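Read off the chains here:
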Amino acid sequence: VTHRECFSHATGYAMVRKVLGDGLLFQDGAAHARARTLMTPAFHQRAITSYVAVMQATAQAHAARWAAEGRGAMYERFRVLTFEIMARLILGLE
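Every value quoted in this text rests on a predicted model; they were computed, and no experiment measured them.

Colleague: Explanation requested: the overall build of the chain in the structure shown.
Modeller: A count of helical and extended segments in the chain gives five helices and zero strands. Going residue by residue from the N terminus, the α and β elements of the chain occur as α-α-α-α-α. For the chain, the C-alpha radius of gyration of 19 Å lies well beyond 12 Å, the compact-globule estimate for 94 residues. Taking the principal axes of the C-alpha coordinates as reference, the chain spans close to 55 × 30 × 20 Å. A separation of at least 24 residues holds for 20% of the contacts in the chain among residues at least 6 apart in sequence. Accessible surface, the chain: about 7700 Å² in total, of which carbon and sulfur atoms supply 65%. If the 11 positive side-chain charges of the chain are averaged to one point and the 7 negative ones to another, these points end up 2 Å apart.

Take a look at the structure:
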């Protein structure tokens, strides 16, 4: 715990990093600390709690539409649902 600099996130993920890019999981040192500081507020309990209402309302609307439409490709339905939830939460779009 007191020697964090001795343990690298980046080294263990070198191959995956080529595909997924330079995200928080693959950073070390000052870059990792800065990114974590910027992202932390979005993951506090108050923030997470506020996401639930948006997620519930969006899921309920989609489920009602799916019931009215009948059978369908669930992969595509969940992909659209997930995209809409993310667009609402991250971008504020409807």
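Colleague: Quick question: what am I supposed to make of the pattern of salt bridges here?
Modeller: It is possible for side chains of opposite charge to pair when their charged atoms get near one another. Within the structure shown, the criterion is met by four salt bridges. In this structure, glutamate 69 engages arginine 65 in a salt bridge whose closest nitrogen and oxygen atoms are separated by 3.7 Å. Residue glutamate 69 and its partner arginine 65 are both found in helix H4 (residues 45-69); the two are separated by four residues, about one turn of the helix. Residue glutamate 69 is classed as partly exposed on the basis of its relative accessible area, which comes to 48%. Owing to a relative accessible area of 38%, arginine 65 belongs among the partly exposed residues under this scheme. With its nearest N and O atoms 2.9 Å apart, the salt bridge here joins glutamate 84 to arginine 88. Placement of both glutamate 84 and arginine 88 in helix H5 (residues 74-91) is noted, with a separation of four residues, approximately one turn of the helix. Take glutamate 84: its relative accessible area is 22%, and that puts it in the partly exposed class. Taking the relative accessible area as the measure of exposure, arginine 88 reaches 28% and is therefore partly exposed. Connected through shared salt-bridge partners, Arg65, Glu69 and Arg77 make up one network.

Colleague: Got a minute to help me understand the environment of glutamine 56 in this structure?
Modeller: In this structure, glutamine 56 sits in helix H4. Spatially, the C-alpha atoms of glutamine 56 and isoleucine 85 are 9.4 Å apart, while their sequence positions differ by 29 residues.

Colleague: How should I be thinking about a nonpolar patch on the surface in this particular structure?
Modeller: Taken together, the side chains of Tyr13, Val16, Val19, Leu20 and Leu25 define a hydrophobic patch exposed on the protein surface, amounting to about 490 Å² of accessible area. Positionally, leucine 25 belongs in the loop between helix H2 (14-20) and helix H3 (29-39).

Colleague: Help me understand the packing of H4 against H5 in this model?
Modeller: A pair of packed helices can be characterised by two numbers: the angle between their axes and the separation between those axes. Where H4 contacts H5, the two axes come as close as 10 Å, and the packing angle between them is 150°. In terms of axis orientation, H4 runs roughly antiparallel to H5. Along this stretch, H4 crosses H5, giving a crossing that reads as right-handed. Taken together, the residues of H5 that come into contact with H4 (itself represented by Tyr51, Val54, Met55, Thr58, Ala59, His62, Trp66 and Glu69) are Met74, Arg77, Phe78, Val80, Leu81, Glu84, Ile85, Arg88 and Leu89. For the contact of H4 with H5, a count of residues per class yields eleven nonpolar, two polar and four charged.

Calculation rules
Residues numbered from 1 in each chain as written. Predicted model: local features only at pLDDT ≥ 70, side-chain atom pairs only at ≥ 80, totals over all residues. Heavy atoms only, no water. Helix = DSSP H or I, 4+ residues; strand = E, 2+ residues; numbered from the N terminus. Rg over C-alpha atoms; globule rule 2.2 N^0.38 Å. Contact = heavy atoms within 4.5 Å. Areas by Shrake-Rupley, 256 points an atom, 1.4 Å probe, with all protein chains shown as cover. Lys, Arg positive; Asp, Glu negative; His and termini not counted. Charge placed at Lys NZ, Arg CZ, Asp CG, Glu CD. Salt bridge = Lys/Arg side-chain N within 4 Å of Asp/Glu carboxyl O. Buried < 20%, exposed > 50% of the residue type's maximum accessible area, 1.4 Å probe, protein only. Patch = residues over 30% accessible without salt bridge, like charges linked within 9 Å, V, L, I, M, F, W, Y side chains within 5 Å. Axes fitted to C-alpha atoms, helices over the stretch in contact; angles between N-to-C directions. Parallel < 35°, antiparallel > 145°, perpendicular 65-115°, else oblique. Left-handed = near helix turned anticlockwise from the far one by under 90°. Nonpolar A, V, L, I, M, F, W, Y, C, P; charged D, E, K, R; others polar.

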